[in-house]
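One-letter residues, chain by chain:
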Amino acid sequence: GENVEQHPSTLSVQEGDSAVIKCTYSDSASNYFPWYKQELGKGPQLIIDIRSNVGEKKDQRIAVTLNKTAKHFSLHITETQPEDSAVYFCAASIGEGYQKVTFGTGTKLQVIP
Amino acid sequence: DVKVTQSSRYLVKRTGEKVFLECVQDMDHENMFWYRQDPGLGLRLIYFSYDVKMKEKGDIPEGYSVSREKKERFSLILESASTNQTSMYLCASSISGVGLYTDTQYFGPGTRLTVL
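So, how was this worked out
- Residues numbered from 1 in each chain as written.
- Chains lettered and ligands numbered in written order.
- Predicted model: local features only at pLDDT ≥ 70, side-chain atom pairs only at ≥ 80, totals over all residues.
- Heavy atoms only, no water.
- Helix = DSSP H or I, 4+ residues; strand = E, 2+ residues; numbered from the N terminus.
- Rg over C-alpha atoms; globule rule 2.2 N^0.38 Å.
- Buried < 20%, exposed > 50% of the residue type's maximum accessible area, 1.4 Å probe, protein only.
- Pairing = 2+ DSSP bridges.
- Axes fitted to C-alpha atoms, helices over the stretch in contact; angles between N-to-C directions.
- Salt bridge = Lys/Arg side-chain N within 4 Å of Asp/Glu carboxyl O.
- Disulfide = S-S within 2.5 Å.
- Contact = heavy atoms within 4.5 Å.
- Buried area = accessible area lost by both parts, 1.4 Å probe.
- Polar contact = N/O pair within 3.5 Å; in protein donor to acceptor, adjacent residues only side chain to side chain.
- Nonpolar A, V, L, I, M, F, W, Y, C, P; charged D, E, K, R; others polar.
- Core = buried A, V, L, I, M, F, W, Y, C linked by side-chain atoms within 4.5 Å.
- Lys, Arg positive; Asp, Glu negative; His and termini not counted.

1. Quick look at the overall build of chain B
Counting its regular elements, chain B contains zero helices and eleven strands. Ordered by position from the N terminus, the helices and strands of chain B form the series β-β-β-β-β-β-β-β-β-β-β. The C-alpha radius of gyration of chain B comes to 14 Å, within 12% of the 13 Å expected for a compact globule of 116 residues. Referenced to the eigenvectors of the C-alpha coordinate spread, the extents of chain B come out at roughly 45 × 30 × 25 Å. By the burial criterion, 48% of the 116 residues in chain B qualify as buried.

The following block contains the structure:
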C-alpha cells in the first residue's frame, strides 16, 4: 500500500519567516495530494490540495509543489503568523472510487511572535 | 458548511467493556471514515464505508468493527476495549469523487478515549 513520510516532525519559526514541510510518497499511482491543518482541540481541516497534473498551486500565503518524478511534495507557508501554529498533515491518494487517503505523521509548527 | 459531529469529546472506559463511538454528518456524503490519531503515528485508517451497509477495512482494523445502517451515521465499535486502544478517534466524511478524483474529507472534532 501507499506509504507517506513527512518531515520535520516539529518546526519552530519566527513570525514573518517562511516554513517548509516536506513529504514523500511511495506509490507512483497516487494522483491527489491534500494538506490538512489541525488546530488544538479540533479535527483536521483541508487547507490546500494539488493533483498530479499540476506542479504548483498557490493560495495567498500557502503554496504546494509536486515533483512526480521524485515522488516529493512540499507545503510552503510565507510570512508566518501566530495563527499558523498547528499540526499539519500531508496525504496522498490513488482515488479509485472510495477515496482512501494515506496520511503522513504530522508536523507541529510553532510560530514564535 | 459541512458538519461532522461525534457523540463524545472525552470517554473513559474499563478494559473489556464494549464501546460505541458515534459519528453523524449532515451533508449527504457517501463516504465515511474512522481514524485513530496517536503522537508520532499520524492518522491511521481503521475502517471506511462508501455506502449504507458497506464497509472496508483500513490499515488497522484489528479489535474494531463498524456499522452503517443510515447514510448519515457511522459507528465504530470496540468489542472488548483494551488499554492499547487508548487514543484520539476521528471521524470524517466525503462525497464520492468524479472518476478517479478524490475529494475533501471533512473531520469531526474527535473523541479522546481512555481505556483503564
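Right, picking up where we left off after that structure.
2. A word on the sheet that holds strand β8 (residues 72-77) of chain A
Within a sheet, each strand pairs with its neighbour through backbone hydrogen bonds, oriented either parallel or antiparallel. Residues and elements named next belong to chain A. Reading across from one edge, β1-β3-β8-β7-β6 is the order of the five strands in this open sheet, with antiparallel pairing throughout. Every other strand in the sheet has two partners, leaving β1 (4-7) and β6 (56-59) as the edge strands with one partner each. Across the sheet, the mean angle separating the axes of adjacent strands is 15° when strand polarity is ignored. Judged from the six bridges that link them, strand β7 (residues 62-67) and β8 form a sheet pairing that is antiparallel. Directly across from V64, in β8, lies its bridge partner L75.

3. Overview of the pattern of salt bridges
Applying the stated rule across the entire model yields eleven salt bridges over all chains. Taking the shortest distance from any N to any O, the salt bridge between B:D38 and B:R44 comes out at 2.9 Å. For B:D38, a relative accessible area of 12% translates into the label buried. Beyond isolated ion pairs, a larger network of salt bridges with shared partners links A:K37, A:E39 and A:K42.

4. Details of the state of the cysteines
Residues and elements named next belong to chain B. According to the stated counting rule, one finds two disulfides over all chains in the structure shown. The disulfide that involves C23 links it to C91, with 1.9 Å between the sulfurs. One quick way to see it: the torsion about the S-S bond of C23 and C91 is about -75°, and its sign makes the bridge left-handed. Placement of C23 in strand β3 (residues 19-25) and of C91 in strand β9 (residues 87-94) is noted, with a sequence separation of 68 residues between them.

5. With respect to the environment of B:V115
Residue and element names in this part refer to chain B. Looking at the element boundaries, V115 is found in strand β11 (residues 111-115). Taking C-alpha positions, V115 is 4.9 Å from T83, a pair spaced 32 residues apart along the chain. Other than its neighbours up to four places away in sequence, V115 contacts K13, R14, T15, A81, S82, T83, Q85 and T86.

6. Some words on the interface of chain A and chain B
Taken together, the contact between chain A and chain B spans 24 residues of the former and 28 residues of the latter. Around 2,100 Å² of area is buried between chain A and chain B when both sides are counted, 54% of it from carbon and sulfur atoms. Across the contact surface, chain A and chain B share zero salt bridges. Remark: the boundary between chain A and chain B carries three residue pairs in polar contact (both at pLDDT 80 or more). In terms of residue count, strand β9 (residues 86-95) of chain A provides more of the side of chain A that touches chain B than any other element does, four residues in total. Residue composition of the side of chain A that touches chain B, by class: nine nonpolar, eleven polar and four charged.

7. Description of the side chain of A:S30
Residue and element names in this part refer to chain A. Its location among the elements puts S30 in the loop between β3 (19-25) and β4 (32-38). Looking at S30, its side chain comes within polar contact range of the side chain of E2, at 2.3 Å. In contact with S30, not counting residues within four places along its chain, are E2, Y25, S52, A92, S93 and I94.

8. As for the nonpolar core
For soluble globular proteins, the rule of thumb is that nonpolar side chains tend to be buried together. Membership of the largest hydrophobic core comes to 23 residues, with the highest contact counts inside it found for A:W35, A:F73, A:L75 and A:L109. Broken down by secondary-structure element, the contributors of at least two residues to this core are β2 (10-14), β3, β4, β5 (45-51), β7, β8, β9 and β11 (107-112) of chain A. In this structure, B:V19, B:W34, B:Y47 and B:L113 belong to the second largest nonpolar core, which totals 20 residues.

9. With respect to the side chain of A:E2
Residue and element names in this part refer to chain A. If you trace the backbone, E2 turns up in the segment before β1. Of the side chains with opposite charge, K71 lies nearest to the buried E2, which makes no salt bridge, at 7.5 Å. Among the polar contacts made by the side chain of E2, one reaches the main-chain amide nitrogen of S26 at a distance of 2.7 Å. Looking at E2, its side chain comes within polar contact range of the main-chain nitrogen of D27, at 3.0 Å. Here E2 is in contact with Y25, S26, D27, S30, A92 and T102, once residues within four sequence places are set aside.

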